[in-house]
Amino acid sequence: MKIHELKYSNTNTFLIEGDSGKILFDTGWAGTFSAFCKAIGELHVSAQEIDYILISHFHPDHMGIAQEIADLGPVVVVMDLQRDHVHDSDVIFAKEKDTAFVPIADERVRILQISESREFLKAVGIDGEILSTPGHSDDSISLCLDSGEVFVGDLNPLYELELHRETQIEDSWNKILKANPKVVYYGHAKATEIAAAGAAVSGHDDVYKQVSKIMKLIDKGVSLDRIQKKTGVDTSFVEDVARMYLTHQNVGVQGILDRIEIKGK
Ligand SMILES: [Fe+2]
């Protein structure tokens, strides 16, 4: 399996090559079709070779050229829960007189029960599942691959999670984190690695112990500076642990590890 990030518009979109088929995850704004063709051309892939198009959610910057691509062969696959949102952006494009937009052709769409997503992906040689992850919008979905990559569209970034406690956003992330993702691909932000394996604490094998030590020192009121000196781990790691610990009531060591990412990758 191969993942290609296609950057031809303001949206990060992805071509995922399975063992027996190709899936395009998201598209750009209307008017970016020729840029899209150039981008896949550089990968020596033609639009006709793509089997399916998945749309993270039907906002204009994610579905703008889906039908133009589908006109060449790929099938737009719509989750049952997205069904009522397929045309949400048509009114926006209707106001943009200078931009040619082709609405999704309902009769050619394949509706998929989200509970059948694993079988659907398996048929193109991709192991994973599609999850309903509302928060940014009701029709938002995420594609989670068993190999650890997760594509979340415009779901609010994991590192902002403390701002969204007890909301749909937190519920959606909890669902995603259960799949043990390693890398998160966003629709607009940079892809980030999740440090659950402890990669953020270089030179220390037992990240679990370090986190619980940091938590205990925080409980005792020790300053972050002194915690850093006592434990010898990165200042940014101590800060991340402290932020997660102080903003998530009753969070445990694993909960903290799950939420910490290595930023900027
Ligand atoms: Fe959006």
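Now for a quick tour of the structure.

Criteria and cut-off values
- Residues numbered from 1 in each chain as written.
- Predicted model: local features only at pLDDT ≥ 70, side-chain atom pairs only at ≥ 80, totals over all residues.
- Heavy atoms only, no water.
- Donors = N, O, S within 2.8 Å, 3.2 Å for Na, K, Ca; no water.
- Helix = DSSP H or I, 4+ residues; strand = E, 2+ residues; numbered from the N terminus.
- Buried < 20%, exposed > 50% of the residue type's maximum accessible area, 1.4 Å probe, protein only.
- Pairing = 2+ DSSP bridges.
- Salt bridge = Lys/Arg side-chain N within 4 Å of Asp/Glu carboxyl O.
- Axes fitted to C-alpha atoms, helices over the stretch in contact; angles between N-to-C directions.

**Thoughts on the coordination of the iron ion**
Part 1 of the argument: Distances from the iron ion to its protein donors, His57 (NE2), His59 (ND1), His136 (NE2) and Asp154 (OD), fall within 2.1 to 2.5 Å.
Part 2 of the argument: The sequence motif formed by the donor residues of the iron ion is H-x1-H-x76-H-x17-D. In this pair, His136 sits in the loop between strand 7 (128-132) and strand 8 (141-145) while Asp154 sits in the loop between strand 9 (149-153) and helix 6 (168-177), placing the two residues 18 residues apart along the sequence.
Part 3 of the argument: Using a relative accessible area of 31% as the deciding quantity, one classes His136 as partly exposed.
Part 4 of the argument: What makes Asp154 buried here is its relative accessible area of 14%.

**Considering the pairing of strand 1 (residues 2-6)**
Part 1 of the argument: Where strand 1 meets strand 2 (residues 13-17), five bridges bridge the pair, whose relative direction is antiparallel. Looking across to strand 2, one finds that Lys2 is bridged to Glu17.
Part 2 of the argument: Here strand 1 hands over to strand 2 after six residues, the two strands then running antiparallel side by side.

**Examining the pairing of strand 3 (residues 22-25)**
Part 1 of the argument: Side chains of strand 3 alternate between two faces, with Lys22 and Leu24 and Ile23 and Phe25 buried alike.
Part 2 of the argument: As judged from the four bridges shared by strand 2 and strand 3, these two strands associate in the antiparallel manner. Looking at the pairing, Leu15 lines up with Leu24 of strand 3.
Part 3 of the argument: A loop of four residues connects strand 2 with strand 3, the two strands running antiparallel in sequence.
Part 4 of the argument: Summarising the sheet, strand 3 and strand 4 (residues 52-54) pair through three bridges and their orientation is parallel.

**Observations regarding the pattern of salt bridges**
Part 1 of the argument: For the coordinates displayed, the defined rule picks out 10 salt bridges.
Part 2 of the argument: The shortest N-O distance in the salt bridge between Asp71 and Arg108 comes to 3.3 Å. Residue Asp71 is located in the loop between helix 3 (66-70) and strand 5 (75-79), and its partner Arg108 is located in the loop between helix 4 (90-95) and strand 6 (110-112); the two are separated by 37 residues in the primary sequence.
Part 3 of the argument: For Arg108, a relative accessible area of 44% translates into the label partly exposed.
Part 4 of the argument: Between Arg243 and Asp240 there is a salt bridge, with its nearest N and O atoms 3.3 Å apart. Of this pair, Arg243 and Asp240 both sit in helix 9 (residues 235-247), three residues apart, roughly one helical turn.
Part 5 of the argument: Given a relative accessible area of 28%, Arg243 falls into the partly exposed group.
Part 6 of the argument: Put simply, Glu17, Lys22 and Glu49 are held in one network by salt bridges that share partners.

**Quick look at the sheet that holds strand 4**
Part 1 of the argument: Ordered by their spatial adjacency, six strands build an open sheet running 1-2-3-4-5-6, and the pairing between neighbours is mixed. The two strands at the open ends of the sheet, each matched to only one other strand, are strand 1 and strand 6. Along the sheet, successive strands turn relative to each other by an average axial angle of 25 degrees, direction set aside.
Part 2 of the argument: Summarising the sheet, strand 4 and strand 5 pair through three bridges and their orientation is parallel. When the bridges of strand 5 are listed, Ile53 appears paired with Val76.

Purely geometric numbers; function is a separate question.
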